[in-house]
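# Architecture and fold: a report
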Amino acid sequence: MALTGLGLKIDQCDLIWVHVLAKKLDSETRRQWELSCAGSDMPKIKQMKKFLEERSRALEATKDLQLPSIHRKNHQGSSDQSGNSKKDDKETTILQNGRFTVQLPFKPNSQLGDSLAQAKRRFNYLERRLEQNPELKDRYTAFIDEFLDMGHMEYIPPGEIEKPVDSVYYLPHHCVFKEDSTTTKLRVVFDGSATTSTGQSLNDTLMVGPTVQDDLYSIIMRFRFYPIALSADIAKMYRQVALEDKSKDFHRILWRSNKSDEIKHLRMTRVTYGIASSAFHSTRCLNEVANQSKNPMIKESLKNCFYVDDFLGGANDKHEAKKLISDLCEELNSYEFPLRKWTLSNAKIIEGLPEHLREKSDVLELFSDEYKIKALGVSWKPNKDIFLFFNCLTRAETAYKEDYSVHNLKIV
């Protein structure tokens, strides 16, 4: 083949085709693809083909999916011990404290099998890896402990562990590193695409839901319209949405921090990444906050300036910027969606915010012309209000592109 004739190995050709195809995906599909291959050094074209086939089937199944109605739990509605409403079991619910709770949207006639066996095999592999790297083990354990301390995960009572295999799902997990993150460098990734004994995974059985937010391009373009640009994100957005009781059992994991201990069975109490419906659940809830809001400026910001958990908006002057920050934080806090990591193109406004709300707490750094952050994946220097683009090609890659451009190749 022509590419092989250039002296490239087949796996290198795979990487090129994967890169080209990924660029053609819509923003949400590309995001799902990146999550599916997290931890993979060099994704293969076969891996992408399988992903696209599964994604196509999932989208086909959601053509007629209606947005779930929203029910606000009142004081008379019956509830279980976790506070979830039983009256409207098939609806997304807003609890008394403002937090949303949801249930998983299963496709009709889907069938899960045993997931515990594979989860055990992969946990044993993970445990051996952690034992070889004590620092990694400490960071991994701290991450799991944070889930437990915040109530986002719980130990399953012994009497509830044994259930039919099609009514539970065990998520294999591993970790990835995000060195440019200012909050969480290590993140534990949960694999909802691991197949069960029936050949279906949890993600295979779930509807992904429609897109309810604006596309990435429109948000970034709108971000450039304002004299003062603002950026923030919702802290742990997925995990701010609660799971109803039955859905929790499809978010089980295996864990122990000490190899001499018995392996424990745990389950999530909140929506988490790695699950096909999670993006829809969280963005649908955010969209409902906009529907409920009586403030036109907040409604417009929630509808048009959010890409999943990232906010990119703007204001016409300092007074409007301060009011937008205050009102948006107040509105989202009432639904347990705390905004943080604020950055503005006017550093004086940021200086007046509490440190825990800023992207950077160092005042000197806030005023530096070299201060930059990532805004929806693009490097942004807020004090100069400019985007930066870097050429990351190596000399060998550049030489290949130049060589390729001057040859008239016929791929057979």
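Please refer to the structure higher up on the page.
The following refers to the structure shown. (Residues numbered from 1 in each chain as written. Predicted model: local features only at pLDDT ≥ 70, side-chain atom pairs only at ≥ 80, totals over all residues. Heavy atoms only, no water.)

## Remarks on the packing of aromatic side chains
Two measures describe an aromatic ring pair: the distance that separates the ring centres and the angle between the ring planes. Tallied over the entire structure, the rule returns 12 aromatic pairs. On the basis of an interplanar angle of 75° and a centroid distance of 6.1 Å, the ring pair of F123 and W255 is categorised as edge-to-face. With a gap of 132 residues between them, F123 in helix α5 (residues 116–131) and W255 in strand β9 (residues 252–255) connect regions that are remote in the sequence. We classify F123 as buried; its relative accessible area is 4%. A residue is classified by how much of its surface remains accessible, and W255, at 4% relative accessible area, is buried. Taken together, the ring pairs connect F143, F147, F190 and Y273 into an aromatic cluster. It is R239 that lies over the ring of F147; its NZ or CZ is 3.7 Å from the centre. (Phe/Tyr/Trp six-rings, centres within 6.5 Å; stacked < 30°, edge-to-face > 60°. Helix = DSSP H or I, 4+ residues; strand = E, 2+ residues; numbered from the N terminus. Buried < 20%, exposed > 50% of the residue type's maximum accessible area, 1.4 Å probe, protein only. Lys NZ or Arg CZ within 6 Å of the ring centre and 35° of its normal.)

## What about the sheet that holds strand β11 (residues 306–307)?
The strand order β11-β12-β7-β13 describes an open sheet built from 4 strands, whose pairing is antiparallel. Across the chains shown, the open sheet's two edge strands, defined by having one partner strand only, are β11 and β13 (339–344). Sheet contacts for helix α12 (residues 318–333): β7 (228–234), β11, β12 (310–315) and β13; angle to β13, the most-contacted strand, approximately 165°. (Pairing = 2+ DSSP bridges. Contact = heavy atoms within 4.5 Å. Axes fitted to C-alpha atoms, helices over the stretch in contact; angles between N-to-C directions.)

## Regarding unusual backbone geometry
Excluding glycine, residues mostly have negative phi values, and the peptide bonds linking residues are mostly trans. Positive phi values are uncommon outside glycine, yet L376 reaches one of about 50°. As for its position among the elements, L376 is in the loop between β14 (373–375) and β15 (378–381). Phi is positive for D385, close to 50°, though the residue is something other than glycine. By the element assignment, D385 lies in the loop between β15 and β16 (386–388).

## Section: α12
If you check α12, its first and last C-alpha atoms are 22 Å apart, about what 16 residues at 1.5 Å a residue would give, namely 22 Å. Turning to α12, its buried residues number three or more, namely A321, L324, I325, D327, L328, C329, E331 and L332. Where α12 begins, one side-chain oxygen reaches toward the backbone nitrogen of H319, 3.2 Å away; that side chain belongs to D317. (Expected span 1.5 Å × (residues − 1). Polar contact = N/O pair within 3.5 Å; in protein donor to acceptor, adjacent residues only side chain to side chain.)

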